[in-house]
Amino acid sequence: MRAIPAVALLLASLACHAETPQQIRQIYVTEAASQQAGFTPSAKRGDAFFRQRFAVNDKMPACTSCHTDSPLNPGQHAVTGKAIKPLAVAANPDRLSDPAKVEKWFGRNCKEVVGRACTPAEKADFVTFLSEGR
Amino acid sequence: MKRLILIALLGSAFPALADRLPMPANAPASFTSECSSCHIAYQPALLPANDWRKLMAGLSEHFGSDATVDRKTEQEITAFLERNAGNASRLGNAGNPPRITQTARFIRKHDEIPAKYWRDRRVKSAANCEACHPGAAKGSYSEHDISIRELRE
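Keep in mind that this is a model prediction, so the values were computed, not measured.

**Student:** Just to check I follow, could you spell out the side chain of T80 of chain A for this structure?
**Tutor:** Mapped onto the fold, T80 of chain A is located in the loop between β1 (75-76) and β2 (83-84). A polar side-chain atom of T80 of chain A sits 2.4 Å from the main-chain carbonyl oxygen of C38 of chain B. If we ignore the near neighbours within four places in the chain, the residues touching T80 of chain A are C38, H39, V123, S125 and N128 of chain B.

Rendered as structure tokens:
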């Protein structure tokens, strides 16, 4: 019985550092819904976005240029050759656990690959795709 | 006889020692996490302080990528690189923007590598130290553990 408050405290303290993919998805869903009433995230749209060729960047025309055709696969940086861990939470539990990190990489990769900032709706779809990705 | 063996052993150990480039123990966490997301966190000794300063001042256009970090992190990483930078006269001119692979030292060390290996899909880029030096991130650039078989002596 004494263990229960201790466990609850531990969980609460962990929550301050690591968030779940659902919490991160919720951040973007809330933001997208404020711009577009009744917005519901879609893994299918996230999947299509992942595969879309933007062709803004010669070396990285699409997300798949570095991340392969499946978010379950390890990738390789298209320019430097550096190994990249899988994007999908199912293959890499570290994914979608740090909102600042997620936002940072959306910032960089959207600018480089998509050629503009991604919208909250795109981010919500993408995060949904990665957390459900098979 | 014993002395000869010792000398021979020492002699064989030296090339390995020369290719050890350990990461300074005081590397801030920001350096490791920010600099190693697209390539290994290159050891500060690979460029002189002036070139690191130039590189850090141009992170928004970092070899075609936006690698900007917040101001505090930028100062922290720059200070670490400056503190542990390499010797400019030994490394040679790194060009502008500075590239480790353009330093005279890098070129000299790799002058026997046939051009086709730089384009090999296992290597991809000269920036990909780990393609040939599996211990690069840990500072091991020894010629004895090159991971591409054809390049081993």
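Okay, back to it.
**Student:** Teacher, can you tell me more about the packing of aromatic side chains here?
**Tutor:** Any aromatic ring pair is given by two values, namely how distant the centres are and how the planes are angled relative to each other. Residues and elements named next belong to chain A. On inspection of all chains with the given rule, the structure shows nine aromatic pairs over all chains. Ring geometry for F50 versus F129: centroids 5.6 Å apart, planes at 45 degrees, classification tilted. With F50 in helix α3 (residues 43-51) and F129 in helix α6 (residues 120-132), the pair connects residues that are 79 residues apart, well separated along the chain. Judged by its relative accessible area of 6%, F129 is buried. Here the aromatic cluster, defined as three or more aromatic residues joined through ring pairs, consists of Y28, F49, F50, F54, F106, F126 and F129. Between R108 and the ring centre of W105, over which it is positioned, the NZ or CZ distance is 4.9 Å.

**Student:** I would appreciate a short explanation of the pattern of salt bridges in the present structure.
**Tutor:** Pairing is possible between side chains that carry opposite charge, provided their charged atoms lie close to one another. The full count for this structure, using the stated rule, is 13 salt bridges over all chains. With its nearest N and O atoms 2.7 Å apart, the salt bridge here joins D125 of chain A to R45 of chain A. Of the two residues, D125 of chain A sits in helix α6 while R45 of chain A sits in helix α3, which places them 80 residues apart along the sequence. A single salt-bridge network, built from bridges that share partners, covers K104 and R108 of chain A together with E34 of chain B.

So, how was this worked out
- Residues numbered from 1 in each chain as written.
- Chains lettered and ligands numbered in written order.
- Predicted model: local features only at pLDDT ≥ 70, side-chain atom pairs only at ≥ 80, totals over all residues.
- Heavy atoms only, no water.
- Helix = DSSP H or I, 4+ residues; strand = E, 2+ residues; numbered from the N terminus.
- Polar contact = N/O pair within 3.5 Å; in protein donor to acceptor, adjacent residues only side chain to side chain.
- Contact = heavy atoms within 4.5 Å.
- Phe/Tyr/Trp six-rings, centres within 6.5 Å; stacked < 30°, edge-to-face > 60°.
- Buried < 20%, exposed > 50% of the residue type's maximum accessible area, 1.4 Å probe, protein only.
- Lys NZ or Arg CZ within 6 Å of the ring centre and 35° of its normal.
- Salt bridge = Lys/Arg side-chain N within 4 Å of Asp/Glu carboxyl O.

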